[in-house]
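Here is how the chains run, residue by residue.
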Amino acid sequence: MTYNVQLKRILLALLAFPFFVLGQEKEKVEGAFPFKLPKEKPDRPLSAAMQRNYDNYMAPRPEDNELYSQFKYTPLKGFDYNNHDGTISRRDPSKVIFANGKYYVWYTYRNTLTSPKGAKNSSATIPSSDWDLCDIWYATSEDGFTWEEQGVAVPRPPKPNVGWRSVSTTDILVWKGKYYLYYQGFLEASGKRGDDCPVAVSYADSPDGPWTPYNKVVIPNGAPGDWDQYSIHDPHPFVYKGKIYLYYKSDFDGDPRLVRMQGLATADNPLGPFTKHPLNPVIAAGHETSLFPFRGGMAALVTRDGNEHHTIQFAPDGVNFEIASIVSLLPNAAGSFVPDAFTNTDDGRGITWGISHFTNATNWSQNHSILTRFDCDLSQDVDDYDMKHHNEYYKPDFYFKHGLNKTQKKNIAKRNKEFIKNSTK
Ligand code: AAL
């Protein structure tokens, strides 16, 4: 390189240096991120995490996020489980409604000679699964903690009607003064091929019945090869945007384990026809459908399965959901008390309690489920600071209850042995 070129390069570098320093200092001019967390997104360079903290959530702190909450659980009074021997099970509760001066909840009720024995060992009297050979029962309450069981609402219909084997996993719709119970209608014991069923519906003029079965499939399975070709689970209806928005779950793929996601079907008439949304699945995680109207959109409790499990999600249009918060101990199969579930609201107020379930409540040989009450603060009208803690603490035995299984212990010992052997070569 000639002397002149070198000289030019040095001169250019000297001229550029002050701008470089200033340029570097431009970020430094902002100084470090402030000690007081800005309530609004600050106009400064932000990392991806800080961008997300302001863009993705309703507030930069969980305690100020209307869609963040802890969940607290209370045993219910009024339900007998035959000493938890597995012959009686209650699970998959509906949303809770308030009518005639009391709360109502409907649920899957099993009362069989034995606990579930699997599809191969099932019979006309032996259940294949916890939700096989079931009817829909209901209960009422004055406070949501103590319940009075009222008995059967929708019994299994005679063969070959839809649901003759089992009717389960129901939810309630109130539409133009009439009541509709949607439920899974099994035409064979769950588990024969898979947990396969369509959705059926019964209707009544009163929440106390009598209920008239429509005796037709109202939400059909998808076509062969469709994601929802085998199971239409957890029917979950709302009145939204002037129509019936019925969310549901399907189990699919199954190689090696099932994938569970949520779909949406809409209708202008409770007895259908329902049109499945072209963007289905609309929630790419979760195990049961459990939603509520929130502000102008729909919020969802997304439990158990999928990349985005343990989240509460929100869709301003009821279709395109984004994560609104990350939570723990979400209620399974939540049937929330949603006062504005059927008011076609454009300002959903949110929820503070409901009924959910614990499956396999004791052990697999006595497999049965029990109902429980959950409480939370996902409401625009309540500020329960004790529901907004996020540095959650659990006693050691809670963690030790989630220990390694035998295979994991064996594999760890094997890996350790190999590691030591390779380390001492
Ligand atoms: C529940 C629900 C449906 C399934 C089974 C009973 O959690 O997803 O109802 O069929 O499990």
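The residue count restarts for each chain, going from 1 along the sequence in the order it is written. The predicted nature of this model means local features are confined to residues of pLDDT at least 70 and side-chain atom pairs, given and counted, to a pLDDT of 80 or more, with totals for whole chains, interfaces and linings taken over all residues. As a convention, hydrogens and water are excluded, and side-chain values are obtained from all of the structure's heavy atoms.

## Description of helix α4 (residues 406-423)
Moving on, step 1. With 18 residues, α4 ought to run about 26 Å at 1.5 Å a step, and its terminal C-alpha atoms sit 26 Å apart, in line with that.
Moving on, step 2. Throughout this description, a polar contact denotes any pair of N or O atoms lying within 3.5 Å of each other; where both atoms belong to protein, one of them has to be capable of donating a hydrogen while the other can accept it, and for residues adjacent in sequence the pair is counted only when both atoms sit in side chains. By the criteria applied, helices consist of DSSP H or I runs no shorter than four residues and strands consist of E runs no shorter than two, each listed in order from the N terminus. For α4, the side-chain oxygen to backbone nitrogen distance between the N-cap and T407 is 3.1 Å, and the N-cap itself is N405. A helix is expected to span 1.5 Å multiplied by its residue count minus one.

## A short note on the layout of surface pockets
Moving on, step 1. The computed volume of the largest pocket comes to approximately 680 Å³.
Moving on, step 2. If one sorts the elements of the lining of the largest pocket by residue count, strand β12 (residues 243-253) sits on top with four residues.
Moving on, step 3. Among the residues making up the lining of the largest pocket, the classes are represented as seven nonpolar, eleven polar and 14 charged.
Moving on, step 4. Only protein atoms enter the calculation, which uses a 1 Å grid: trapped sets of points that fit a 1.4 Å probe without letting it out are cavities, open sets showing protein on both sides within 12 Å along at least five of seven lines are pockets, and any residue with an atom within 4 Å of a point is a lining residue. Grid points are joined across faces, edges and corners, and a volume is the space filled by probe spheres set on the points. Taken as a whole, the second largest pocket holds about 450 Å³ of empty space.
Moving on, step 5. Forming the walls of the second largest pocket are 14 residues, and the residues nearest its centre are L329, L330, N332, F358 and H402.
Moving on, step 6. Three residue categories are used. Nonpolar comprises Ala, Val, Leu, Ile, Met, Phe, Trp, Tyr, Cys and Pro, charged comprises Asp, Glu, Lys and Arg, and polar comprises the others, including Gly. Broken down by class, the residue content of the lining of the second largest pocket amounts to six nonpolar, seven polar and one charged.

## A word on the site of the ligand
Moving on, step 1. In the region of the ligand, the neighbouring residues are R91, D92, W131, T169, Q184, D195, H233, D234, K249, H287 and E288.
Moving on, step 2. Within the side chain of Q184, an N or O atom sits 3.1 Å from an oxygen atom of the ligand.
Moving on, step 3. Surface exposure here means Shrake-Rupley accessible area, sampled with a 1.4 Å probe, where a residue is shielded only by the protein chains that are shown. If the ligand stood free it would expose 280 Å²; the protein chains cover 97% of that surface.
Moving on, step 4. More than half of the atoms of the ligand fall within 2 Å of the grid points belonging to the largest pocket.
Moving on, step 5. Of the residues contributing to the shell around the ligand, the split by class is one nonpolar, four polar and six charged. Being near a molecule or strand, for a residue, means having at least one of its heavy atoms within 4 Å of it. A cavity or pocket is said to hold a molecule if more than half of that molecule's atoms lie within 2 Å of its grid points.

## Structural notes on unusual backbone geometry
Moving on, step 1. The omega angle of the peptide bond from G209 to P210 is 0°, so this bond is cis rather than trans.
Moving on, step 2. Along the chain, P210 falls in the loop between β9 (199-204) and β10 (212-213).
Moving on, step 3. Geometrically, the link from N280 to P281 is a cis peptide bond, its omega value of -5° lying close to zero.
Moving on, step 4. Following the sequence through the fold, P281 ends up in the loop between β14 (275-276) and β15 (291-295).
Moving on, step 5. For N100, which is not a glycine, the phi torsion comes out positive at approximately 50°.
Moving on, step 6. Position of N100 among the secondary structure elements: in the loop between β3 (97-99) and β4 (102-111).
Moving on, step 7. Here N100 falls in the exposed class, since its relative accessible area comes to 55%. In this scheme, a residue with accessible area under 20% of its type's maximum is buried, one over 50% is exposed, and one in between is partly exposed, where area comes from a 1.4 Å probe on protein chains only.

## Description of empty space enclosed by the protein
Moving on, step 1. For the structure shown, the criterion picks out two cavities of 30 Å³ or more.
Moving on, step 2. Approximately 110 Å³ is the volume found for the largest cavity.
Moving on, step 3. Looking at the largest cavity, it is lined by 15 residues, and the ones nearest its centre are P93, T170, D234, T289 and A334.
Moving on, step 4. Elements that contribute at least two residues to the lining of the largest cavity include exactly β7 (166-175) and β11 (233-240).
Moving on, step 5. Partitioned by chemical class, the residues of the lining of the largest cavity number four nonpolar, six polar and five charged.
Moving on, step 6. Of the voids in this model, the second largest cavity is the one considered here, and its volume is about 50 Å³.
Moving on, step 7. In terms of residue count, strand β16 (residues 297-302) provides more of the lining of the second largest cavity than any other element does, three residues in total.
Moving on, step 8. Its residues placed into classes, the lining of the second largest cavity shows six nonpolar, five polar and one charged.

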